[in-house]
Amino acid sequence: MSDDQTITECAGPDRASDAGRSLQRAVAPMQLGCAVDGQLPECMDASERALLLRHFDTLTPENCMKPAVIQPESGRFEFAEPDALVRFADKHSLNVVGHCLVWHQQCPDWLFRNGEGTASREQVLERMRRHIYTVVGRYRGRVCGWDVVNEAVADRDGFLRKTAWLACVGEDFVDYAFRFARHADPSAELYYNDYNIELPEKRERTIELLSRLRSHGIRVDGVGIQGHWILDQVPFEEIERAIVAYHALGLKVMITELDLDVIDRPDCGADVSEHYSYSVEEDLYRNACPPEVLGRQAEQYGELFALFRRHRDKVARISFWGLHDGSSWLNTWPGERTNHPLLFDRRCLGKPAFERVMEVIT
Ligand code: GLA
């Protein structure tokens, strides 16, 4: 647990009243998930475990199923962490969403190399096929859905992002990824996942991609809007338009990596290759997050959940990227600072945002 015990938290009103309440029960029929690190199920402390089991019904592995982690070298698969996570989920009747099969980040170089040169399209497709068959096949029937392709759409110019996948294979690398995954586990749902795809331009390109896949006879079951938003900059109207637009394509809509950063950053993207440096002076909330900021965060989380609730016939799942503030990636990206982006604080207690969400959702 990456806890900073020196932090004084604002835990929200009346913690005793927490007893028996479950966010997951409150948001049903939508599912409620969170990302956990692969080793976490075994290493969680008692309060983390209690928090997880009370409020969430779905787990996404934060890192251990990503290509570079699960197959760092050709043919060498690291299954210990994902196996432990899936076992934990089975034991506690939690759903697991596999994340992710094809992505340009955390993706090993060997996939695209042939000796000193670049691998051919056929070689790369064969490696993709083997990767997907092995990973999806191993968890067949135990992972209910897969983020098959992550972040393939370009942020600005062009259609697809310029990646090694695109360069080596061409635009149909997306088609192949979905075909291989469908074949490897016909019972799993298959998703396209990306950030900023609620915003008009990238939304249009994403709709184009999903429509092309359909016209090629490929079934995609859902689309994941990551939801890494920033306090005071949440694009509520665009989120609503996006939910409606993706649902109109016949897709399940999911918010897959939700957090609400209380510290401004250059943009709402989540490109982990971008590193900005933050000076210590900018670690604004090192000792505590001011109640006024937590209050605004509560209002904005409340507005988000009210929106999701209005569209609960379209939104199948809301997953947070992390269990509590101490375990969020936003403490280290895009620079080291103390962040407070989730509903639960470092002591696993509900923040004002949790209270507000419970109010609007029940
Ligand atoms: C993206 C990816 C996630 C994760 C986050 C940051 O959103 O989809 O797997 O890496 O960035 O942690």
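Residues numbered from 1 in each chain as written. Predicted model: local features only at pLDDT ≥ 70, side-chain atom pairs only at ≥ 80, totals over all residues. Heavy atoms only, no water.

Peer 1: Please give an account of the overall build of the protein that cites residues and values.
Peer 2: Assigned secondary structure in the protein consists of twelve helices and eleven strands. Within the protein, buried positions represent 58% of all 362 residues. Contacts in the protein between residues far apart in sequence, at least 24 positions, make up 80% of those at least 6 positions apart. Counting only carbon and sulfur atoms, one obtains 49% of the accessible surface of the protein, whose full area is about 14,500 Å². (Helix = DSSP H or I, 4+ residues; strand = E, 2+ residues; numbered from the N terminus. Buried < 20%, exposed > 50% of the residue type's maximum accessible area, 1.4 Å probe, protein only. Contact = heavy atoms within 4.5 Å. Areas by Shrake-Rupley, 256 points an atom, 1.4 Å probe, with all protein chains shown as cover.)

Peer 1: Summarise helix α6 (residues 121-138); cite the residues concerned and give the values.
Peer 2: An ideal rise of 1.5 Å per residue puts 26 Å on 18 residues; α6 measures up with 26 Å between its terminal C-alpha atoms. All of the buried residues along α6 are V124, L125, R127, M128, H131, I132, V135 and V136. When α6 is viewed along its axis, its buried side chains cluster within an angular range of 160° and face the same direction. (Expected span 1.5 Å × (residues − 1). Arc of directions from axis to C-beta.)

Peer 1: Pulling in residues and values, what's your account of unusual backbone geometry?
Peer 2: For the bond from A28 to P29, the omega torsion is 10°, close enough to zero to count as cis. Within the secondary structure, P29 sits in the loop between α1 (23-27) and β1 (31-36). The amide bond that connects H99 to the next residue, C100, takes the cis arrangement and shows omega of -5°. In this structure, Q106 takes a positive phi of about 45° despite not being glycine. Examined against the element boundaries, Q106 turns out to sit in the loop between β3 (95-102) and β4 (113-114). Overall, the relative accessible area of 29% leaves Q106 in the partly exposed class. The phi dihedral of C348 falls on the positive side, at around 70°, and the residue is not glycine. Mapped onto the elements, C348 comes out in the loop between β11 (315-320) and α12 (352-361).

Peer 1: Describe in detail the side chain of K314, supporting the description with residues and values.
Peer 2: With respect to the element layout, K314 can be found in the loop between α11 (291-310) and β11. Among the polar contacts made by the side chain of K314, one reaches the side chain of D313 at a distance of 3.2 Å. Ignoring any residue separated from it by four or fewer positions in sequence, one finds K314 in contact with I243, V244, H247, K252 and V253. (Polar contact = N/O pair within 3.5 Å; in protein donor to acceptor, adjacent residues only side chain to side chain.)

Peer 1: So what about the site of the ligand? Which residues, and what values?
Peer 2: By nearness alone, 13 residues border the ligand, and K66, H99, N150, Q226 and E257 come closest of all. Within the side chain of K66, a nitrogen or oxygen atom sits 2.8 Å from an oxygen atom of the ligand. Interatomic distance of 2.9 Å between a side-chain N/O atom of N150 and an oxygen atom of the ligand. Burial of the ligand by the protein amounts to 96% of the accessible area it has alone, namely 300 Å². Its residues assigned to classes, the shell around the ligand shows five nonpolar, five polar and three charged. (Near = heavy atom within 4 Å. Nonpolar A, V, L, I, M, F, W, Y, C, P; charged D, E, K, R; others polar.)

Peer 1: Give a detailed account of the packing of aromatic side chains, specifying residues and quantitative values.
Peer 2: Evaluation of the coordinates by the stated rule reveals 13 aromatic pairs. The interplanar angle of 70° and the centroid separation of 5.4 Å between the aromatic rings of F305 and F308 together place this pair among those described as edge-to-face. Placement of both F305 and F308 in helix α11 is noted, with a separation of three residues, approximately one turn of the helix. We note that F305, like F308, is buried. With a centroid separation of 5.1 Å and 40° between ring planes, the pair formed by F344 and F354 is classed as tilted. Taken together, the residues F344 in the loop between β11 and α12 and F354 in helix α12 connect sequence positions ten residues apart. Taken as a pair, F344 and F354 share a single burial class, namely buried. Among the aromatic side chains, those forming a connected cluster through ring pairs are F56, Y301, F305, F308, F320, F344 and F354. The aromatic ring of F79 is capped on one face by R138, whose charged end is 4.0 Å from the ring centroid. (Phe/Tyr/Trp six-rings, centres within 6.5 Å; stacked < 30°, edge-to-face > 60°. Lys NZ or Arg CZ within 6 Å of the ring centre and 35° of its normal.)

Peer 1: Give a description of the confidence of the model for the protein that names residues and reports values.
Peer 2: Note: predicted coordinates in regions of low pLDDT should not be interpreted at a detailed level. Residues of the protein with pLDDT of at least 70 account for 89%, and the chain-wide mean is 91. Below pLDDT 50 for its whole length, residues 1-17 participates in 37 contacts with residues either more than four positions away or in separate chains. (pLDDT = per-residue confidence, 0-100.)

Peer 1: Outline helix α8 (residues 173-184), listing residues and values.
Peer 2: Its twelve residues place the ends of α8 16 Å apart at the C-alpha level, agreeing with the 16 Å of an ideal helix rising 1.5 Å per residue. Judged by how many residues are buried, α8 sits mostly within the fold: nine of twelve residues are covered. Within α8, the full set of buried residues consists of F173, V174, D175, A177, F178, F180, A181, R182 and A184. Contacts from the buried residues of α8 go to β3, α6, β6 (145-150), α7 (164-169), β7 (189-194) and α9 (200-215).

Peer 1: Can you explain the nonpolar core? Please cite residues and give values.
Peer 2: In terms of nonpolar packing, the biggest core is built from 106 residues, with W146, F173, Y301, F305 and F308 touching the most fellow members. The element that contributes the greatest number of residues to this core is α11, accounting for eight residues. The contact partners of F173, leaving out residues within four places of it in the chain, are V102, M128, V149, A152, L160, W165 and L166. Judged by nonpolar contacts, the second largest core, of five residues, contains A35, W321, W329 and L330. (Core = buried A, V, L, I, M, F, W, Y, C linked by side-chain atoms within 4.5 Å.)

Peer 1: Could you give me a rundown of the pairing of strand β10 (residues 252-261), with the residues and numbers involved?
Peer 2: By the criterion of burial, β10 is predominantly enclosed, with nine of the ten residues buried. Judged from the four bridges that link them, strand β8 (residues 222-225) and β10 form a sheet pairing that is parallel. Of the residues in β10, the one forming a bridge with V223 is V253. Here β10 pairs with β11 via four bridges, running parallel. Counted as the bridge partner of L258 is F320 from β11. (Pairing = 2+ DSSP bridges.)

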